[in-house]
Amino acid sequence: MRLEIKDLHVSILDDQSKEILKGLSLTVNTGEMHAIMGPNGNGKSTLAATIMGNPKYVVTSGEILLDGKNLLKMSVDERSRAGIFLAMQNPMEISGVTNADFIKSAMQTRLSEGEHVPLFKFIKALDKSVADLKMNPDLPQRYINEGFSGGEKKRNEILQMKMLKPHFAILDEIDSGLDVDALKIVGENINNMASPDFGSIVITHYQRLLDYIDVSHVHILMDGKIVRSGGKELITKIDQDGYDWLKLELGLEDMEEPKKAVLGVCGAKKTK
Amino acid sequence: MKQLLEVIDSAKSLIDENEKYIIFNDGKAIDTNALDEVEITLNEAIDFSDYLRKNDTDLEKLIDQNAKVKTLVSIKKDVDLKIIHVCDDAKYINYQIDIAKRLNVNLTVVYGYVVNDAKIKLDVLIHHKSVVNFREYHEFSGEAKINTSFYLLRFNQLNYLSLENNSNTNDLTLNMYLLQQDISLSCLNVAINESGKIQNQNLNVYHLHEDTASNFNTYAIANNNSILNIKNIGRINNGCPRCDLKQKTKGIIVDTYSNIEADPALIIDENDVMASHGASIGAIDPEVLYYLMSRGLTKEASEKLIIEAYISPYFKDYSETNLGKYILDKIK
Ligand SMILES: Nc1ncnc2c1ncn2[C@@H]1O[C@H](COP(=O)(O)OP(=O)(O)O)[C@@H](O)[C@H]1O
Ligand SMILES: [Mg+2]
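So, how was this worked out
Residues numbered from 1 in each chain as written. Chains lettered and ligands numbered in written order. Predicted model: local features only at pLDDT ≥ 70, side-chain atom pairs only at ≥ 80, totals over all residues. Heavy atoms only, no water. Buried < 20%, exposed > 50% of the residue type's maximum accessible area, 1.4 Å probe, protein only. Helix = DSSP H or I, 4+ residues; strand = E, 2+ residues; numbered from the N terminus. Pairing = 2+ DSSP bridges. Contact = heavy atoms within 4.5 Å. Buried area = accessible area lost by both parts, 1.4 Å probe. Salt bridge = Lys/Arg side-chain N within 4 Å of Asp/Glu carboxyl O. Polar contact = N/O pair within 3.5 Å; in protein donor to acceptor, adjacent residues only side chain to side chain. Axes fitted to C-alpha atoms, helices over the stretch in contact; angles between N-to-C directions. Near = heavy atom within 4 Å. Areas by Shrake-Rupley, 256 points an atom, 1.4 Å probe, with all protein chains shown as cover. Nonpolar A, V, L, I, M, F, W, Y, C, P; charged D, E, K, R; others polar. Arc of directions from axis to C-beta. Parallel < 35°, antiparallel > 145°, perpendicular 65-115°, else oblique. Left-handed = near helix turned anticlockwise from the far one by under 90°.

Draft legend 1. Highlighting the pairing of strand β5 (residues 79-87) of chain B. Residue and element names in this part refer to chain B. Of all the nine residues making up β5, eight are buried; the element is thus mostly covered by neighbouring parts of the structure. Bridge count between strand β1 (residues 20-25) and β5: six bridges; the pairing is parallel. By the bridge assignment, phenylalanine 24 is partnered in β5 with histidine 85.

Draft legend 2. Representation of the interface of chain B and chain A in the model. At the interface, 16 residues of chain B touch 29 residues of chain A. Carbon and sulfur atoms make up 68% of the surface buried where chain B meets chain A, a total of about 1900 Å² over both sides. Sorting the residues of chain B by area buried against chain A places B:Tyr290, B:Tyr291 and B:Arg295 first, and these three jointly supply 43% of that buried surface. Counting across the chain B and chain A interface gives two salt bridges. A salt bridge links A:Glu157 to B:Arg295; its shortest N-O distance comes to 2.6 Å. At the junction of chain B with chain A, the criterion picks out twelve residue pairs in polar contact (both at pLDDT 80 or more). Those elements that provide at least two residues to the side of chain B that touches chain A are α3 (286-293) and α4 (299-315) of chain B.

Draft legend 3. Up close: the sheet that holds strand β11 (residues 217-222) of chain A. All names here are of chain A. With mixed pairing, the six strands of this open sheet are ordered in space as β6-β9-β10-β3-β11-β12. In this open sheet, the two strands that pair with only one neighbour each are β6 (84-87) and β12 (225-230). Looking at each pair of strands side by side, their axes are set apart by 20 degrees on average, direction ignored. The sheet contact formed by strand β9 (residues 168-172) and strand β10 (residues 199-204) spans five bridges and is parallel. Residue isoleucine 170 lies in a different strand from β10, and its bridge partner there is isoleucine 201. Packing against the sheet, helix α1 (residues 44-52) makes contact with β3 (33-37), β6, β9, β10 and β11, and its axis sits at approximately 145 degrees to β6.

Draft legend 4. Quick peek at the environment of B:Gly27. Residue and element names in this part refer to chain B. With respect to the element layout, glycine 27 can be found in the loop between β1 and β2 (28-32). In this structure glycine 27 comes out as buried when scored by relative accessible area, which is 3%. In sequence terms glycine 27 and isoleucine 63 are 36 residues apart; their C-alpha atoms lie 12 Å from each other. If sequence neighbours within four positions are ignored, glycine 27 has contacts with Val69, Thr71 and Ile93.

Draft legend 5. Seen up close, the site of ligand 1. Residue and element names in this part refer to chain A. Close contacts around ligand 1 come from 14 residues, with Gly41, Lys44, Ser45, Thr46 and Tyr57 the closest. Taking lysine 44, its main chain carries an N or O atom lying 2.9 Å from an oxygen atom of ligand 1. In the complex, the protein chains occlude 72% of the 560 Å² of accessible area that ligand 1 would expose alone. Going through the elements one at a time, β2 (15-29) and α1 are the ones with two or more residues in the shell around ligand 1. Looking at the shell around ligand 1, the element that brings in the most residues is α1, giving three residues. Looking at the shell around ligand 1 residue by residue, the classes come out as four nonpolar, six polar and four charged.

Draft legend 6. Quick peek at the pattern of salt bridges. All names here are of chain B. Taken as a whole and assessed by the stated rule, the structure comprises 31 salt bridges over all chains. A salt bridge links aspartate 16 to lysine 82; its shortest N-O distance comes to 3.9 Å. Here lysine 82 lies in strand β5 and aspartate 16 lies in the loop between α1 (4-12) and β1, a separation of 66 residues in the sequence. Per residue, the accessibility class of aspartate 16 equals that of lysine 82, and both read buried. In this structure, the salt-bridge partner of aspartate 56 is lysine 54, at a minimum N-O distance of 3.3 Å. Relative accessible area serves as the criterion here: at 25%, lysine 54 is assigned to the partly exposed category. Within the structure, one salt-bridge network assembled from shared partners comprises Asp64, Lys70, Lys121 and Asp123.

Draft legend 7. Structural view of the pairing of β6(A). All names here are of chain A. Burial of the side chains of β6 extends over both faces: Ile84 and Leu86 are buried on one face and Phe85 and Ala87 on the other. Pairing between β6 and β9: four bridges, direction parallel. Within β9, the position partnered with isoleucine 84 by the bridge is phenylalanine 168.

Draft legend 8. Region of the structure containing helix α3 (residues 99-108) of chain A. Every buried residue of α3(A) is accounted for by A:Asn99, A:Ala100, A:Phe102, A:Ile103, A:Ala106 and A:Met107. What you see down the axis of α3(A) is that its buried residues fit within an arc of 165 degrees, all on one side. Here the buried face of α3(A) lies against β7 (94-98), α4 (119-132), β8 (143-144) and α5 (150-164) of chain A together with α3 and α4 of chain B.

Draft legend 9. Broad picture of the packing of α3(A) against α4(A). All names here are of chain A. At a closest axis distance of 12 Å, the pairing of α3 and α4 adopts a crossing angle of 120 degrees. Relative to α4, the element α3 lies oblique. By crossing handedness, the relation of α3 to α4 is classed as right-handed. Contact with α3, carried on its side by Ala100, Ile103, Lys104 and Met107, involves Leu119, Phe122 and Leu126 of α4 and no other residues of that element. Its residues assigned to classes, the contact of α3 with α4 comprises six nonpolar, no polar and one charged.

Shown next, in the form of structure tokens:
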């Protein structure tokens, strides 16, 4: 399958004068793992949210095609069922719905009428995924993300991805809030998804996560556009030199969010 | 109304195995299997002025004056008891429940087959050291007005749960009187209004003695052009130190034509106490909806899941009972 983003322009619903994505193009095929890197506040999450169909963002021009079909015409749930998955930067807490019930309902939506998720197989698969991610075994019975630590929420996103088996997974800063051990576990689990039926877009602004994921393509997103694409050598370059050289080359003003700019940090080098 | 016997049969289908029951018709007990644990007497009411001097409201006076009988249900032993009201004629229903000391009682009251505009008064007296789980389910189809008061004595633990799912205009008053020390009261009230009408709830907790604790949670849902007014009053009297009073109201307004008005009030006449209240009312959180939909659930399925989750505390450990199943089916 192929996910094609063509000259995408996106604004915020509440303030349509503010354009965040300014003509972004990107093609991802199943079987490929793409990384998108870039300083904060340049539109990475906006891209992820727009692919998923978050109603807070408005596409003013351009298109997104899934195997040639217009994704932008589809509702959020239709996109999910068509094989798009977004691991969110800030997953919601939902009290009263257990993880297990939620995941089962989500799997059920992928079956045709009259078909049911086989309970025993489901429990086995869920237990295995929970173990793969070294999560607390009681997790399936807990309410969605309620009282989870930041790291547990991120693993829970990966758990859902493993269970739902999407064709394209977009992972938005799945590494933030993870300690070194968790980073390794999550990275390896993402890497193990690799298959001819699976493509991914891994969004991060640190290189650390990419130590564990064998990405085939690397893109730099700045000022609402993909400004560079290449292979793994780009990761090393960003790791060593940050983004300033690119800003200079492209003649871009510092577009980090003001708060960060005041601190004067260089995006990629910053550690917490 | 269907034939009375038929209605009683369907009422009985709500009773679980090993559960005792009393069926009331028009305010009179007509059938029970609980005579080992319970005594039912007519016109031998408890005089609550022994416990509390209060001014009865007009509604209470009206019911006291007009009810043809006053039934007293005295619980003498530990029991799981269900009281079901079937009512199509009596305008006034007046009854009392007296729970003896040192008991463990699970009591469920169902107003499931009340089709007329009944006015109902229930007074519950719980004697010291008893632990009571009291559950109510309201499914009034007439314009009911109901006034329920609990009189709690020392070392009582009352866990009160109520779910209202009425299809008509409805006025509900609930009074919790904490009369002696070391009472622990927990209340969970789920109000669903999809009737297209106005429903009012007055929920009052009175701390009338030191060292008493209450925690009152209301979950409200308004849908289909309906209005819910919820007045939550928490009071701690002067001379009642070390009380702990919590109340919280959450509400979901499902469609744009409905509304929920939450009006919480704390009246605190004592310094050395803890009291808190809060209300949050609004539409379904679009972020939550988006999250669920992003996993493939349709908008309708997501909304349903959110609402089910919201009222799930009422069904905790209860969804497999006959009444639990009945209600879940009813509110789908
Ligand atoms: N919902 C929103 N409301 C207002 N501003 C937003 C919203 N989403 C994103 N932005 C703004 O758009 C820009 C890009 O944000 P984002 O896509 O989150 O960047 P990144 O993920 O690369 O850090 C930022 O300036 C941010 O403040
Ligand atoms: Mg982001």
